[in-house]
Amino acid sequence: MATTATAVDTGATDARLVRIVQVALSIGIVALIGFTIVSTFWTTVDGGEFKYAADYWYTTCGLPFAIVGIVHAFAVHKLQHGRDGTLGAIGTWLYAIACAELAVQCGASVLAGAELRWGPTYVLCSFLTFIALALLAAGSWRTGLLPKWMLGLWPVVWLLGSFFAIGPGPLLLVALYIVFLIVLPRRVAQRSS
């Protein structure tokens, strides 16, 4: 009887996590499309004080990238119920720390009206997000929650579509987020049944 109650609780928690990921990724898609438009068609400065409204839009997009990324990674980690092991846990926490720093740096830049450069932190944290997602993907490899090809693409597409993105690069991440929106609920439902 207790096992059945635990399975029902786990299923309900998993369903809530899937809904949270769906909302987060939808917000991320909107932000990525906005970022693509701004970075492709509008003039922005490269460093220094902001001159155009696009500078604010461009930098502000970093906030949802980071927050959506953190929610996404933690939800995937949690949906694996510890089966992603130490690699998954380390990757998730490193990713969250790097994304939090990037969000703070982008937010501070918007408030200051200038691109703030805190030494090499932007580049290092952006690259750390790639390494951290690679660790999470490696830990997730054996769990079967996500297809292996998605796990292989996730860190690379994140790197090309988020904080190192140029031009239409974020559309790659939009495509991957759409795939997550389709695949993740199906895989969680298959596992529950």
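Residues numbered from 1 in each chain as written. Predicted model: local features only at pLDDT ≥ 70, side-chain atom pairs only at ≥ 80, totals over all residues. Heavy atoms only, no water.

## Regarding the packing of aromatic side chains
Right, on to step 1. Within the structure shown, the criterion is met by 10 aromatic pairs.
Right, on to step 2. On the numbers, 6.1 Å between centres and 65° between planes, the contact of tryptophan 158 with phenylalanine 163 is edge-to-face. In terms of burial, tryptophan 158 and phenylalanine 163 fall into one category: buried. (Phe/Tyr/Trp six-rings, centres within 6.5 Å; stacked < 30°, edge-to-face > 60°. Buried < 20%, exposed > 50% of the residue type's maximum accessible area, 1.4 Å probe, protein only.)

## Quick notes on the nonpolar core
Right, on to step 1. Ranked by internal contacts, the top residues of the largest apolar core, which has 45 residues, are Phe65, Leu146, Trp154, Trp158, Tyr177 and Phe180.
Right, on to step 2. Taken together, the elements giving at least two residues each to this core come down to helix 1 (2–41), helix 3 (62–79), helix 4 (85–112), helix 5 (121–140), helix 6 (148–161) and helix 7 (170–192).
Right, on to step 3. Sort the elements by how many residues they give to this core and helix 1 lands first, with nine residues.
Right, on to step 4. In this structure leucine 146 touches Val76, Leu151, Phe180, Leu184 and Arg187, once residues within four positions along its chain are discounted. (Core = buried A, V, L, I, M, F, W, Y, C linked by side-chain atoms within 4.5 Å. Helix = DSSP H or I, 4+ residues; strand = E, 2+ residues; numbered from the N terminus. Contact = heavy atoms within 4.5 Å.)

## Side note on unusual backbone geometry
Right, on to step 1. Of note, the phi angle at histidine 81 is positive, near 50°, even though the residue is not glycine.
Right, on to step 2. With respect to the helices and strands, histidine 81 occurs in the loop between helix 3 and helix 4.
Right, on to step 3. Judged by relative accessible area, which is 38%, histidine 81 ranks as partly exposed.

## Digging into the pattern of salt bridges
Right, on to step 1. Summed over the entire model, instances satisfying the criterion amount to two salt bridges.
Right, on to step 2. Note that arginine 191 is salt-bridged to aspartate 14, the shortest N-O span being 2.8 Å. Taken together, the residues span a long stretch of sequence, with arginine 191 in helix 7 and aspartate 14 in helix 1 at a distance of 177 residues.
Right, on to step 3. You can call aspartate 14 buried: its relative accessible area is 3%.
Right, on to step 4. Salt-bridge contacts for glutamate 115 lead to arginine 117; the nearest nitrogen and oxygen are separated by 3.1 Å.
Right, on to step 5. Among the residues examined, glutamate 115 registers a relative accessible area of 34% and is labelled partly exposed. (Salt bridge = Lys/Arg side-chain N within 4 Å of Asp/Glu carboxyl O.)

## Observations regarding helix 4
Right, on to step 1. A rise of 1.5 Å per residue sets the reference length of helix 4, with its 28 residues, at 40 Å; its end C-alpha atoms lie 41 Å apart and thus fit the reference within 8%.
Right, on to step 2. Backbone geometry just downstream of helix 4 places glycine 113 in the positive-phi region, at approximately 70°. (Expected span 1.5 Å × (residues − 1).)

## Overview of the packing of helix 2 (residues 53–60) against helix 4
Right, on to step 1. Running from N to C, helix 2 and helix 4 point in directions that differ by 160°, and their axes come no closer than 9 Å. With respect to helix 4, the element helix 2 is oriented roughly antiparallel. At the point where helix 2 passes helix 4, the crossing takes the left-handed sense. Contacts between helix 2 and helix 4 involve Tyr56, Thr59 and Thr60 on the former and, on the latter, Cys106, Ser109 and Val110.
Right, on to step 2. A breakdown of the residues in the contact of helix 2 with helix 4 according to their chemical character gives three nonpolar, three polar and no charged. (Axes fitted to C-alpha atoms, helices over the stretch in contact; angles between N-to-C directions. Parallel < 35°, antiparallel > 145°, perpendicular 65-115°, else oblique. Left-handed = near helix turned anticlockwise from the far one by under 90°. Nonpolar A, V, L, I, M, F, W, Y, C, P; charged D, E, K, R; others polar.)

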